[in-house]
Amino acid sequence: MSASDRLVKLMKTTDGRDKMYKFAAGFGKLASYNAVDASAAKKADAVVKSITDARSLMRMLKWIQKGTEVQKENKAIQSGKSSNVTRSYVKVMRLLGDMGYIIGDNLQWLGKYGMLPLDSKTTQARAKVFQFWGYICALYLHVYDMLIHMGKAATLSDKAGKKLVLTFIRDLCDTLIVLSAVGYVPSWKPSKGLNGALTLVSATISCSANWDSTA
């Protein structure tokens, strides 16, 4: 498959488009942080705002997919088909965190543009709480999977191990970004430059994984 065919295949997926937009947003944050003057920074911030709105629109109703995944995982637990019940319950909480965030993000977008009588900032803040705890569950799952892999392969330097490490780094970057939004650690206030750098790292890892999946 040619590179152009793989790109078309990537852009057909919601996650493929979303992560490319995320990369652009990270670049925009860095551009704003390093802008030569206030006018240039304002333009970069406007681009980031537009990208953020586009990502919110792309995620509209994606919570239905997360709900289906929760039902599937819960069914596996109830039927006894889950190989590790604790891990499965944590995965359910991870999915519920994602689901809660996407619903909140959908609602804040609708409130922002006057389609619902909601305060978009308050709604977004509540959505971020779901997102944060979803990421905490994701980090637990990544650490668990790395330990299991280490038990089998005795290394994380093989292809599968490196993939697990990169996925952990990706979600750790996102967790640090969201941590500043929920305010659980008041002293953690990353600059726009650091925020942009963390976004770029996370988006790059996601885009690379999505690209590999098109082969």
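Residues numbered from 1 in each chain as written. Predicted model: local features only at pLDDT ≥ 70, side-chain atom pairs only at ≥ 80, totals over all residues. Heavy atoms only, no water.

A.B. asks: So what exactly am I meant to see when it comes to unusual backbone geometry here?
C.D. replies: Residues other than glycine predominantly adopt negative phi, and peptide bonds predominantly adopt the trans conformation. The residue L61 is not glycine, and still its phi comes out positive at about 70°. Here L61 shows up in the loop between α3 (38-58) and α4 (63-78). Here the phi dihedral of A154 falls at roughly 60°; this positive angle occurs in a residue that is not glycine. In this fold, A154 is placed in the loop between α6 (120-153) and α7 (159-182). (Helix = DSSP H or I, 4+ residues; strand = E, 2+ residues; numbered from the N terminus.)

A.B. asks: Explain the pattern of salt bridges to me, please; I cannot follow it from the model alone.
C.D. replies: Oppositely charged side chains can form a pair if their charged atoms are brought close together. Counted by the stated rule, this structure contains 15 salt bridges. With its nearest N and O atoms 2.9 Å apart, the salt bridge here joins K112 to D53. Of the two residues, K112 is situated in helix α5 (residues 85-112) and D53 in helix α3; the sequence distance between them amounts to 59 residues. Its relative accessible area of 33% is what places K112 among the partly exposed residues. Overall, D53 belongs to the buried group, its relative accessible area being 11%. R94 serves as the salt-bridge partner of D98, at 2.9 Å between the closest nitrogen and oxygen. On the criterion of helical spacing, the pair formed by D98 and R94 is a turn pair, its members being four residues apart in helix α5. Each member of the pair D98 and R94 is classed as buried. Salt bridges sharing common partners tie together D15, D18, K19, R55, R59 and D105. (Salt bridge = Lys/Arg side-chain N within 4 Å of Asp/Glu carboxyl O. Buried < 20%, exposed > 50% of the residue type's maximum accessible area, 1.4 Å probe, protein only.)

A.B. asks: Is there a simple way to explain the packing of α5 against α6 in this structure?
C.D. replies: Each pair of packed helices gets described by two things: the angle between the helix axes and the distance between those axes. Taken N-terminus to C-terminus, the directions of α5 and α6 make an angle of 155°; their axes are 7 Å apart at the nearest point. In terms of orientation, α5 and α6 fall into the roughly antiparallel class. Regarding α5 and α6, the two cross each other, and that crossing is left-handed. In terms of residue class, the contact of α5 with α6 is built from 13 nonpolar, eleven polar and seven charged. (Axes fitted to C-alpha atoms, helices over the stretch in contact; angles between N-to-C directions. Parallel < 35°, antiparallel > 145°, perpendicular 65-115°, else oblique. Left-handed = near helix turned anticlockwise from the far one by under 90°. Nonpolar A, V, L, I, M, F, W, Y, C, P; charged D, E, K, R; others polar.)

A.B. asks: Got a minute to help me understand a nonpolar patch on the surface in this structure?
C.D. replies: A cluster of nonpolar side chains, contributed by I103, L107, Y113, M115, L116 and L118, occupies part of the molecular surface with about 480 Å² of accessible area. By the element assignment, M115 lies in the loop between α5 and α6. (Patch = residues over 30% accessible without salt bridge, like charges linked within 9 Å, V, L, I, M, F, W, Y side chains within 5 Å. Areas by Shrake-Rupley, 256 points an atom, 1.4 Å probe, with all protein chains shown as cover.)

A.B. asks: So what exactly am I meant to see when it comes to the nonpolar core here?
C.D. replies: One recurring pattern in soluble globular proteins is that nonpolar side chains are buried together. Counting five residues, the largest nonpolar core consists of F132, Y135, V178, L179 and V182. Contributing elements (two or more residues each) for this core: α6 and α7. For this core, the element with the most residues is α7, which contributes three residues. Those residues within four positions of L179 in sequence are excluded, and the remaining contacts are F132, Y184, V185 and W188. (Core = buried A, V, L, I, M, F, W, Y, C linked by side-chain atoms within 4.5 Å. Contact = heavy atoms within 4.5 Å.)

A.B. asks: How should I be thinking about α3 in this particular structure?
C.D. replies: Residues spaced three or four apart along an α-helix face the same direction, because each turn holds 3.6 residues. Here α3 is 21 residues long and its end C-alpha atoms lie 30 Å apart, about the 30 Å a rise of 1.5 Å per residue gives. Regarding α3, the residues found buried are A41, A44, V48, I51, D53, R55 and S56. Summarising the contacts, the buried residues of α3 are in contact with α2 (14-33) and α5. At the N-terminal end of α3, a side-chain oxygen is found 3.2 Å from the backbone nitrogen of S39, two or three residues along, and the residue is D37. (Expected span 1.5 Å × (residues − 1). Polar contact = N/O pair within 3.5 Å; in protein donor to acceptor, adjacent residues only side chain to side chain.)

A.B. asks: Mind showing me how you'd approach the packing of aromatic side chains here?
C.D. replies: Aromatic rings in a pair are described by how distant their centres are and how their planes are angled relative to each other. Under the definition given, this model contains five aromatic pairs. Between F132 and Y184 the ring centres are 5.2 Å apart and the planes differ by 75°, which places this aromatic pair in the edge-to-face class. In this pair, F132 sits in helix α6 while Y184 sits in the loop between α7 and α8 (192-212), placing the two residues 52 residues apart along the sequence. Under the relative-accessibility criterion, F132 is labelled buried at 8%. A relative accessible area of 40% places Y184 in the partly exposed class. Three or more aromatic residues link up through ring pairs in this structure, and these residues are F132, W133 and Y184. (Phe/Tyr/Trp six-rings, centres within 6.5 Å; stacked < 30°, edge-to-face > 60°.)

A.B. asks: Whenever I open this one, α4 confuses me. Can you help?
C.D. replies: Between its first and last C-alpha, α4 extends 22 Å over 16 residues, near the 22 Å set by a 1.5 Å rise per residue. Where α4 is concerned, the buried positions are K66, G67, V70, E73 and I77. The arc that holds the buried residues of α4, viewed along the axis, is 125°, so those residues lie on one side. Residues of α4 that are exposed and angled more than 90 degrees away from the buried face: Q71, K72 and K75. Buried residues along α4 sit against α5. (Arc of directions from axis to C-beta.)

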